[in-house]
Amino acid sequence: MTALAQEVGAVNVSQGFPDFNPPEALVSAVSQAMIDGFNQYAPMPGLLSLREVVASKYHHLLSCHVDPETEVTITPGGTAAIFTALAALVGPGDRVMIFDPAYDSYAPSVITLGGTVVRLPLNAPSYLPDWQRVKEMITPDTKAVIINNPHNPSGAVWSADDVATLGAICDNVGCYVIADEVYDLITFEKPHVSVLSEPLLRNRSFVISSFGKLIHATGWKVGACVASAELTKEFRKVHQFINFSVNTPAQQGLATFLQSLQSLTDLAPFLNKKRMILEESLHGSLWKRRVCYGTYFQLIDYADFWDGTDVDLARLLTTKYGVATIPLSPFTNDEQRDTALRVCFAKQDHIIRLAGERLAQASLELGSQKV
Ligand SMILES: Cc1ncc(COP(=O)(O)O)c(C=O)c1O
């Protein structure tokens, strides 16, 4: 969609990352780190100062206690952390459950390691797991389940009950959890509940986070994995030989900049304003906004004015109406059909407004043709 958007000069709200820079003070802190000589390999688990920031984030913002020395490893982004955790757990023939629609690295990572992917659909509009089905499908042969909460692309956020239910199921069969929580601090109206706060999951989970998502610097590829000391040992055995260590000046700059946690506290209100701009600009159109409790993605439902496929609609919106969105079907592996497109609202305010206006106009035109 981005290639097409560039070809036709469309406003692009398809790509899942900000179109604005990280804070200047952070960029300066990273530059200063280079000037100050932070240019050689960092320690394998990550700079302790940054691991302390991670622990402090969990303690102060998510009410979980984490030991920075033994339970936090800095990784080259969330995707690498997910692969590393899987490599620490999964061998040929092991079953790993994922929920569709899923971030696109999960299944290929499991397959690369010789595992077998077991897929369970998350159904619209809530995109929460059907716990009865999960219970039936997680067997003693299931080595791990990968969850993504808050969820890309739906914006669903699990309740404490959801997390506790997963805990009871996994504890019953001895299944591990890889919890992709890269949007953990981006929630609206519903708080994020980390698996680290659930006693039944605390010692059987690898929790993945990404500074790219939290500080508008996805291209820096710095993330973290938090797990019990025992699981962290296993994680680091793999991390040491896949990644060894992570960009030192970025780690040092992040540690300096994030010490007060202020910018992390400001993140959700900052993005909520953008969510509201999108809502306002779609007002009066034929799109139906789905509930978005978290992430910077908004699903918008086209059922009232379009009968074709999501891919065809997304193409038409890009080429004819000058606004690029993301169809959902590429996120899933089966025929399940939703009637929504994904909009990323981590964009400059005027871009969101323009995209919303174009989307609104398109819905009205297509709606009138449908009648
Ligand atoms: C659900 C989810 N997990 C992981 C990632 C990747 O994080 P990173 O860029 O730190 O590898 C993304 C990025 O879009 C994502 O949406």
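Residues numbered from 1 in each chain as written. Predicted model: local features only at pLDDT ≥ 70, side-chain atom pairs only at ≥ 80, totals over all residues.

## Regarding the domain arrangement of the protein
Threshold: How far each domain reaches was decided by an automatic or database domain assignment. Residue pairs qualify as contacts under a 7 Å threshold applied to their C-beta atoms, which are placed from the backbone. We count a stretch as a helix when DSSP gives it H or I for four or more residues in a row; a strand needs E for two or more, and each element gets its number in order from the N terminus. Any residue outside Ala, Val, Leu, Ile, Met, Phe, Trp, Tyr, Cys, Pro, Asp, Glu, Lys and Arg is labelled polar, Gly included; the first ten of those are nonpolar and the last four are charged.
Domain boundaries in the protein define domain 1 (2–16 + 263–370) and domain 2 (25–259). Contacts between the two partners involve 27 residues from domain 1, matched on the other side by 28 residues from domain 2. Elements with a minimum of two residues in the side of domain 1 that touches domain 2: α12 (262–282), β10 (297–301) and β13 (340–344). It is α12 that provides the largest number of residues to the side of domain 1 that touches domain 2, a total of eight residues. Classifying every residue of the side of domain 1 that touches domain 2 by side-chain character gives 13 nonpolar, ten polar and four charged.

## Concerning the sheet that holds strand β7 (residues 205–210)
Whenever strands of a sheet pair, they do so through backbone hydrogen bonds, lying parallel or antiparallel. Rules: We call two strands paired when DSSP finds no fewer than two bridges between them. Throughout, an axis means a line fitted to C-alpha atoms (over the contacting stretch in the case of helices), and angles, computed between N-to-C directions, take values from 0 to 180 degrees.
In spatial order, the strands read β2-β8-β7-β6-β5-β3-β4; together these seven strands make up an open sheet with mixed pairing. Whereas interior strands pair on both sides, the edge strands pair on one side only; in this sheet they are β2 (72–75) and β4 (116–121). Direction aside, the axes of adjacent strands within the sheet are offset by 20° on average. Relative to β4, strand β3 (residues 95–100) runs parallel, the two being bridged by six bridges. Of the residues in β4, the one forming a bridge with Ile 98 is Arg 119.

## A closer look at helix α2 (residues 24–35)
Inclusion rule: For a helix, the expected span equals 1.5 Å multiplied by the number of residues minus one.
Between its first and last C-alpha atoms α2 spans 16 Å; for twelve residues at 1.5 Å apiece the expected length is 16 Å, and the two agree. Looking at the buried side of α2, the elements it contacts are α11 (248–257). With its phi angle positive at about 95°, Gly 37 sits one or two positions after the end of α2.

## Details of unusual backbone geometry
Note the cis peptide between Asp 100 and Pro 101, where omega equals 0°. With omega at 0°, the peptide bond leading from Ala 124 into Pro 125 counts as cis. Position of Pro 125 relative to the elements: it lies in the loop between β4 and α6 (131–137). Phi is positive for Ser 63, close to 55°, though the residue is something other than glycine. Inspection of the secondary structure puts Ser 63 in the loop between α3 (48–62) and β2. Backbone geometry at Thr 295 places phi at a positive 70°, although glycine is not the residue there.

## Considerations on the environment of Gly 46
Among the structural elements, Gly 46 can be located in the loop between α2 and α3. Along the sequence, Gly 46 and Leu 214 sit 168 residues apart, while their C-alpha atoms lie 18 Å from each other. Those residues in contact with Gly 46 that sit more than four places away from it in its chain are Arg 51, Val 72, Thr 73, Ile 74, Val 246 and Gln 251.

## Thoughts on the site of the ligand
Where we set the bar: To decide nearness, the C-beta atom of each residue is placed from the backbone, and the residue is near a molecule or strand if that atom lies within 6 Å of it.
Near the ligand lie 14 residues; those nearest to it are Gly 77, Gly 78, Thr 79, Tyr 103 and Ser 210. Of the residues assigned to the shell around the ligand, the class counts are two nonpolar, ten polar and two charged.

## Thoughts on the sheet that holds β13
Read from one edge of the open sheet, four strands run β9-β10-β13-β12, paired in antiparallel fashion. Edge strands, defined here as strands with exactly one partner in the open sheet, are β9 (288–289) and β12 (326–327).

## Re the pairing of β13
Note the following rule: To assign burial, the other C-beta atoms lying within 10 Å of each residue's own C-beta are counted, with C-beta atoms placed from the backbone; 20 or more indicates buried, 12 or fewer indicates exposed, and intermediate counts indicate partly exposed.
Of all five residues in β13, five are buried, a share of seventy percent or more. Of the two faces of β13, the one lined by Ala 340, Arg 342 and Cys 344 and the one lined by Leu 341 and Val 343 are each fully buried. Pairing of β10 with β13, which is carried by five bridges, proceeds in the antiparallel orientation. Paired with Leu 299 across the strands is Arg 342, a residue of β13. As paired elements, β12 and β13 share two bridges and run antiparallel to each other. What sits directly across from Pro 327, in β13, is Leu 341.

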